[in-house]
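Each chain, written out:
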Amino acid sequence: MHSFTYDALPGRVVFGSGVARTGLAAEVERLGASKVLLIASERDTERVRALTAPFADRIAAVFTAVREHVPVATAEAAREAAVGTDAVLCVGGGSTVGAAKAVALTTRLPILAVPTTYAGSEVTPVWGLSEDGVKTTGTDPVVLPRTVVYDPELTASLPPGLARASALNAMAHCVEAFWAPRRNPVSSVVAEEGVRALAAGLREDDPEQLLLGAYLAGSAFAVAGSGLHHKLAHVLGGLGLPHARSHATLLPHVLAFNAPGSPDATARIARALGCDDAVAGLRAVVAAAGMPTGLAELGLRADQLDEVAERTERVVPADNPVPVGGGAMRQLVQRAWEGER
């Protein structure tokens, strides 16, 4: 076995059906928070009001102007709302968690996260901001939520299409972890189990399995880091493409590209999916979920392909299993854009 480094990330996880209803107040108390900034989307107003009713007197400010990919203007507004508070409670999907991270990045306030999708960012120290068509990401332990409350009751009500896209976004975290720069035997075990849980959850429409898989996926990605898939997805995000559906659409194409250089990864992914061919198995999962097969369906234009390829090629880790130079990156982007066409 090769030598490796594994950085175990700190954090408290509370998992179970109904725990947001019954245990959220105790987690706020555990943080010692008395003036909480609540970040949640406007569409979650009624649900969030019910969840926070037991400690409503501790909610000092509310921020609802959540936007996908966290525009810089959104981050600045959220930081203004945080003035005078001593903790951030975010209830929602990846965009909501992203806004909370933007606040923590400059204020160093602790985050209590209650995810309502399968984004996984709630267990990573990765932050992201977008401005003028460019998404910038970074890693800082200060943005890692102090506590995460996982409640399958909150994801069970997701619209089916959104739930499947979000679960495949989590699947991308698992697959990426097999070849990302800080991959190691521990993160690979977590990633394989995450693929297995997510695949089962998608087949059985089981929110508990999907949420468990999302937690494992985020945990693997947080340690292994960002590789080709996420570098490409972040470029697309800067251009305004939808986050989860972009990940879902890209995933089979990126796996097919990297498969020749990562036989161990493809074997483990196939085993977790319960099939012989990882690429074919993943294509079947994406098709069954009703996701687009090509980026053209998500609004990416043909005249943007060169830009996407060039910007992505510059930031792909040098140890990607398959070299991306010599036009290879452009070919991958073309295939991902065309899809079945």
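Model, not experiment: these values are computed from the prediction.

Rules of the game
Residues numbered from 1 in each chain as written. Predicted model: local features only at pLDDT ≥ 70, side-chain atom pairs only at ≥ 80, totals over all residues. Heavy atoms only, no water. Helix = DSSP H or I, 4+ residues; strand = E, 2+ residues; numbered from the N terminus. Expected span 1.5 Å × (residues − 1). Bend = angle between axes of the 7 residues up to and from the residue. Buried < 20%, exposed > 50% of the residue type's maximum accessible area, 1.4 Å probe, protein only. Disulfide = S-S within 2.5 Å. Pairing = 2+ DSSP bridges. Axes fitted to C-alpha atoms, helices over the stretch in contact; angles between N-to-C directions. Contact = heavy atoms within 4.5 Å. Salt bridge = Lys/Arg side-chain N within 4 Å of Asp/Glu carboxyl O. Phe/Tyr/Trp six-rings, centres within 6.5 Å; stacked < 30°, edge-to-face > 60°.

S.K.: Give me the lowdown on helix α10 (residues 243-258), citing residues and values where you can.
M.R.: The end-to-end C-alpha distance of α10, which contains 16 residues, comes to 21 Å, matching closely the 22 Å that a straight helix rising 1.5 Å per residue would cover. Its maximal kink placed at Leu250, α10 deviates by approximately 35 degrees, while the proline Pro252 follows within four residues. Counted residue by residue, α10 has 13 buried out of 16 residues, so it is predominantly covered.

S.K.: Give a detailed account of the state of the cysteines, specifying residues and quantitative values.
M.R.: For the structure on display, the rule yields zero disulfides. No disulfide involves Cys174; its sulfur sits 15 Å from that of Cys275, the nearest cysteine. With a relative accessible area of 0%, Cys174 lands in the buried category. The exposure class of Cys275 is partly exposed, given its relative accessible area of 26%.

S.K.: Residues and numbers for unusual backbone geometry, please.
M.R.: For His69, which is not glycine, the phi torsion reads 65 degrees and is therefore positive. One can find His69 in the loop between β3 (59-63) and α3 (72-81). Under the relative-accessibility criterion, His69 is labelled buried at 9%. The phi dihedral of Arg108 falls on the positive side, at around 65 degrees, and the residue is not glycine. Within the element layout of this structure, Arg108 appears in the loop between α4 (94-107) and β5 (111-115).

S.K.: Outline the sheet that holds β5, listing residues and values.
M.R.: Across a sheet, strands are paired by hydrogen bonds formed along the backbone, either parallel or antiparallel in direction. Ordered by their spatial adjacency, six strands build an open sheet running β1-β8-β5-β4-β2-β3, and the pairing between neighbours is parallel. The outermost strands of the open sheet, each flanked by one partner alone, are β1 (12-15) and β3. Neighbouring strand axes in the sheet, compared pairwise and without regard to direction, differ in orientation by 15 degrees on average. Sheet topology places strand β4 (residues 87-92) next to β5; five bridges connect them, and they run parallel. Looking at the pairing, Val88 lines up with Ile111 of β5. Across the sheet, α4 touches β2 (36-40), β4 and β5, and the angle it forms with β4 is around 165 degrees.

S.K.: Kindly report on the pattern of salt bridges, identifying the contributing residues and their values.
M.R.: In total, this model carries 13 salt bridges according to the counting rule given. Linking Arg12 and Glu27 is a salt bridge whose minimum nitrogen-to-oxygen distance equals 2.9 Å. Note that Arg12 is positioned in strand β1 and Glu27 in helix α1 (residues 19-31), a separation of 15 residues in sequence. For Glu27, a relative accessible area of 7% corresponds to the buried category. In this structure, Arg271 and Glu192 form a salt bridge, with 2.7 Å as the shortest nitrogen-oxygen distance. Note that Arg271 is positioned in helix α11 (residues 263-273) and Glu192 in helix α7 (residues 185-204), a separation of 79 residues in sequence. Take Arg271: its relative accessible area is 53%, and that puts it in the exposed class.

S.K.: Quick one: what's the story with α4, residue by residue and with numbers?
M.R.: Residues spaced three or four apart along an α-helix face the same direction, because each turn holds 3.6 residues. Its 14 residues place the ends of α4 20 Å apart at the C-alpha level, agreeing with the 20 Å of an ideal helix rising 1.5 Å per residue. Those residues of α4 that sit buried are Thr96, Val97, Gly98, Ala99, Ala100, Lys101, Ala102, Val103 and Ala104. In the core, the buried residues of α4 are packed alongside β2, α3, β4, β5 and β6 (126-131). Directly beyond the C-terminal end of α4, a positive phi value near 65 degrees is found at Arg108.

S.K.: Go over the packing of aromatic side chains, please, and point to the residues and values.
M.R.: Throughout the structure, instances matching the rule amount to two aromatic pairs. Relative to Tyr150, the ring of Phe15 has its centre 5.9 Å away and its plane inclined at 40 degrees; by these criteria the two rings are tilted. On the criterion of sequence distance, the pair formed by Phe15 in strand β1 and Tyr150 in strand β8 (residues 147-150) is long-range, its members being 135 residues apart. According to the relative accessible area criterion, Phe15 is partly exposed, its value standing at 32%. Joined through ring pairs, the aromatic side chains of Phe15, Tyr150 and Tyr215 make up one cluster.

S.K.: An account of the pairing of β8 is needed here, citing residue identities and associated values.
M.R.: A two-sided burial pattern is seen for β8, the buried positions comprising Thr147 and Val149 on one face and Val148 and Tyr150 on the other. Pairing analysis gives four bridges linking β1 to β8, with the strands arranged parallel. In the strand pairing of β8, Phe15 is matched with Tyr150. Across two bridges, β5 lies against β8 in parallel orientation. Among the inter-strand pairings, Ala113 is bridged to a residue of β8, identified as Val148.

S.K.: Could you give an account of the side chain of Thr96, naming the residues involved and the relevant values?
M.R.: As for its placement among the helices and strands, Thr96 is situated in helix α4. Looking at Thr96, the relative accessible area reads 4%, which means it is buried. Beyond its immediate chain neighbours, meaning those up to four positions away, Thr96 contacts Ile39, Ala40, Ser41, Val66, Cys90 and Val91.

S.K.: Just give me the short version of the environment of His243, but keep the residues and values in it.
M.R.: As for its position among the elements, His243 is in helix α10. Residue His243 is classed as partly exposed on the basis of its relative accessible area of 23%. C-alpha separation for the pair His243 and Ala165, spaced 78 residues apart in sequence, amounts to 9.1 Å. Residues contacting His243, with those up to four places away along its chain left out, are Glu68, His69, Lys135 and Asn169.

What is shown is where atoms sit, not what they do.
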